[in-house]
Amino acid sequence: MSYLTWLVMIGTALLGGTAGVLGSFAVLRRRALVGDVVAHAALPGLCLAFLVIGARHFVGMLFGAFLAGLAGIALMTIVCRWTRTKEDAALGLVLSTFFGAGIMLSSYIQNMDGGGSRAGLETYIYGQAAGMLREDLVLIIAVSALVLAVLAAFYKEFKLLSFDPGFAQSQGWPTLTLDLTLMGSLTLVTVMGLPIVGVVLMAAMLILPGAAARFWTDRLERMLLLSAFLGAAAGAIGSLISAGVARWWLGFDPLGFAEGQTAPTGPVIVLCGTGVFVFSMLFAPNRGLAARVWRWWRLRAKTGDENLLRTLYEFTEGAAAGARPVGASELTSARAWSRWQANWRLWRAILRGWVRRVDGGVELTPVGRAEAERLVRAHRLWELFLIHGASIAPDHVDRDADTMEHVLAPEILAELELRFGAAAAGEVPRSPH
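So, here's what we can say about the structure.

**A closer look at the overall build of the protein**
Part 1: Helix and strand counts for the protein come out as 18 helices and two strands.
Part 2: When the 433 residues of the protein are sorted by exposure, 47% land in the buried category.
Part 3: Intrachain contacts of the protein at a sequence separation of at least 6 include 70% that bridge at least 24 residues.
Part 4: For the protein, the accessible surface area stands at approximately 22,100 Å², while carbon and sulfur atoms represent 63% of it.

Here it is, written out as structure tokens:
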């Protein structure tokens, strides 16, 4: 790899990691779009800095963008705190107003005599990571170190502010100052990323790593570390793909570009972050969509199996075991199941040893009958609780109990047994309706 490729890869990785950590707090604070507001609000600051300096000066223009971003954050805070405007409306107001002003100033600069068209403002709008210099990398390192130092120094305060700002305010903490400190750090990182990914895509660099990391853990410390890793990985991989290194390694371009063609670095980095987010959303073990679908299917299957056992028990309640086979038509009528649903649940119950086929239908095995008695007992204890504890009519409790019997914890059942007498322990109560 060339020196420039290494330079861009390190710079984008640092930007992605820092933005991921800081963006995690923004996501938890439900202020994920603040980065978008700051990025768009920075445009008039870039233009004004160019007009004041009279030439394209990297540090000077970024300083102007930083001041404009702070002004946007301050205006948004004032509007939210001292008017009845909601936060989402304030975000839209500041974003559109500042960006409109930036477009007007940008048009004015482009039409100026004496080289206004060479201001290079499109670099900050769309990003141009390939133009990164060694001095830019040093600036990124310095800003990243400063922001991470602020986060480390105020970690406890930012943690409480993210999860319970009302409690922090009630304890006398300077929530406004802390909020502005956090938003100021967010502004600094956003402005730092403008030359790399641009105004339009910088919000994605802040949102995607933290949102992806949230799928994998419930611990803030792990979330911050994971978001830093995911952001840095997206930046590094996106830079390598954009530079054509992936074509050299794999033998083909993963984005489908022909030989000699390259993709812009900023959009590729954002697409890599989006890929990480989509993967996390689908396959994270606890919060992922696949895991949630799997848990839903297991609960649905468990509910159907237990409903089958309770139905078979109620058909033969009071009779000797095996004295009354139950036909498939009786099951479909009692539970409003289709024929294939009844056969599917019977097949699962037979595999588990709960049910066996006999002449004229099916019956519970001793193991299945014991399991059915446990379910019916939980169902009727909950019915008794609804009747005597919640004063619900006996003919209205069956549907609620039909849902709760599948999820009642053992300690709740023990409390119900104690409440409704020792006679209920170890035996199935009579149906109250």
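**A closer look at the pairing of strand E1 (residues 355-358)**
Part 1: Inspection of the sheet shows E1 paired to strand E2 (residues 361-364) by four bridges, in the antiparallel sense. When the bridges of E2 are listed, Arg356 appears paired with Glu363.
Part 2: Linking E1 back to E2 in an antiparallel pair, the connection comprises two residues, with Gly360 at a positive phi of about 95°.

**Examining the packing of aromatic side chains**
Part 1: The final tally for this structure, using the stated rule, is eight aromatic pairs.
Part 2: Ring pairs connect the aromatic residues Phe25, Phe154 and Phe158, which therefore count as one cluster.
Part 3: Of note, Arg345 hangs over the ring of Trp337, and the distance from its end group to the ring centre comes to 4.7 Å.

**Thoughts on the nonpolar core**
Nonpolar side chains tend to gather and get buried jointly when the protein is soluble and globular.
Part 1: Counting residues in hydrophobic clusters, the biggest one holds 64 residues, and the most contacted among them are Val34, Leu151, Val189, Leu194 and Met202.
Part 2: Broken down by element, this core gets its largest block of residues, 16 residues, from helix H9 (residues 175-214).
Part 3: Beyond its immediate stretch of four places on either side in the chain, Met202 contacts Leu15, Ala19, Ala39, Val189, Thr190, Gly193 and Val197.
Part 4: Within the second largest apolar cluster, 17 residues are counted, among which are Leu312, Leu346, Trp354 and Val376.

**Considering the side chain of Thr175**
Part 1: Structurally, Thr175 is set in helix H9.
Part 2: Non-local contacts of Thr175, meaning those with residues more than four positions away in its chain, are made with Arg81, Leu161, Pro165, Ala168 and Gln169.

**With respect to the pattern of salt bridges**
Part 1: Evaluation of the coordinates by the stated rule reveals eleven salt bridges.
Part 2: Residue Arg214 pairs with Asp218 through a salt bridge whose shortest N-O separation is 3.2 Å.
Part 3: Taking the relative accessible area as the measure of exposure, Arg214 reaches 27% and is therefore partly exposed.
Part 4: Note on Asp218: relative accessible area 59%, which makes it exposed.

**So, unusual backbone geometry**
Part 1: A positive phi angle, near 55°, is found at Ala336, a position not held by glycine.
Part 2: With respect to the helices and strands, the residue Ala336 is situated in the loop between helix H14 (328-335) and helix H15 (339-351).
Part 3: The backbone phi angle of Ser391 is positive, close to 55°, even though this residue is not glycine.
Part 4: Following the sequence through the fold, Ser391 ends up in the loop between helix H16 (366-389) and helix H17 (398-404).

**Brief notes about helix H6 (residues 134-153)**
Part 1: For H6, built from 20 residues, the straight-helix expectation of 28 Å at 1.5 Å per residue is met to within 8% by its first-to-last C-alpha distance of 29 Å.
Part 2: Among all positions in H6, only Asp136, Leu137, Ile140, Val143, Ser144, Val147, Val150 and Leu151 are buried. Here the buried residues of H6 occupy an arc of 155° about the axis, which is enough to place them on one side. Structural note: H6 exposes Arg134, Glu135, Val138, Ala152 and Ala153 on the side pointing more than 90 degrees away from its buried face.

**Some points on the packing of helix H13 (residues 289-315) against H14**
Part 1: Running from N to C, H13 and H14 cross one another at 110°; their axes reach a closest spacing of 11 Å. For the element pair H13 / H14, the angle class is roughly perpendicular. Judged by the twist between their axes, the crossing of H13 over H14 is right-handed. Residues Asn307, Leu308, Arg310, Thr311, Leu312 and Phe315 of H13 form the contact with H14, whose participating residues are Glu330, Leu331, Ala334 and Arg335.
Part 2: Among the residues forming the contact of H13 with H14, the class breakdown is five nonpolar, two polar and three charged.

**Comments concerning helix H12 (residues 265-283)**
Part 1: The terminal C-alpha atoms of H12 lie 27 Å apart, and with 19 residues this matches the ideal 27 Å at 1.5 Å per residue to within 8%.
Part 2: Those residues of H12 lying buried are Thr265, Gly266, Val268, Ile269, Val270, Cys272, Gly273 and Ser280.

**Considering the environment of Leu224**
Part 1: Structurally, Leu224 can be placed in helix H10 (residues 220-242).
Part 2: A relative accessible area of 11% means that Leu224 is categorised as buried.
Part 3: Spatially, the C-alpha atoms of Leu224 and Ser24 are 6.6 Å apart, while their sequence positions differ by 200 residues.
Part 4: Apart from residues no more than four positions distant in its own chain, Leu224 is found in contact with Val21, Ser24, Phe25 and Tyr155.

**As for a nonpolar patch on the surface**
Part 1: A grouping of Leu289, Val293, Trp294, Trp296, Trp297, Trp340, Trp344, Trp347 and Leu351 is seen on the molecular surface, where their side chains present a nonpolar patch of about 1,100 Å² in accessible area.
Part 2: Among the secondary structure elements, those contributing two or more residues to the nonpolar patch are H13 and H15.
Part 3: Summarising the element assignment, Val293 is placed in helix H13.
Part 4: Taking the relative accessible area as the measure of exposure, Val293 reaches 45% and is therefore partly exposed.

**Observations regarding the packing of H13 against H16**
Part 1: Relative to each other, H13 and H16 sit at 90°, their axes nearing to 9 Å. As judged from the angle between their axes, H13 and H16 are roughly perpendicular. Along the contact surface, H13 presents Glu306, Leu309, Arg310, Tyr313 and Glu314, while H16 presents Gly368, Arg369, Glu371, Ala372, Glu373, Arg374, Leu375, Val376, His379 and Arg380.

Here is what the cut-offs are and how they apply
- Residues numbered from 1 in each chain as written.
- Predicted model: local features only at pLDDT ≥ 70, side-chain atom pairs only at ≥ 80, totals over all residues.
- Heavy atoms only, no water.
- Helix = DSSP H or I, 4+ residues; strand = E, 2+ residues; numbered from the N terminus.
- Buried < 20%, exposed > 50% of the residue type's maximum accessible area, 1.4 Å probe, protein only.
- Contact = heavy atoms within 4.5 Å.
- Areas by Shrake-Rupley, 256 points an atom, 1.4 Å probe, with all protein chains shown as cover.
- Pairing = 2+ DSSP bridges.
- Phe/Tyr/Trp six-rings, centres within 6.5 Å; stacked < 30°, edge-to-face > 60°.
- Lys NZ or Arg CZ within 6 Å of the ring centre and 35° of its normal.
- Core = buried A, V, L, I, M, F, W, Y, C linked by side-chain atoms within 4.5 Å.
- Salt bridge = Lys/Arg side-chain N within 4 Å of Asp/Glu carboxyl O.
- Expected span 1.5 Å × (residues − 1).
- Arc of directions from axis to C-beta.
- Axes fitted to C-alpha atoms, helices over the stretch in contact; angles between N-to-C directions.
- Parallel < 35°, antiparallel > 145°, perpendicular 65-115°, else oblique.
- Left-handed = near helix turned anticlockwise from the far one by under 90°.
- Nonpolar A, V, L, I, M, F, W, Y, C, P; charged D, E, K, R; others polar.
- Patch = residues over 30% accessible without salt bridge, like charges linked within 9 Å, V, L, I, M, F, W, Y side chains within 5 Å.

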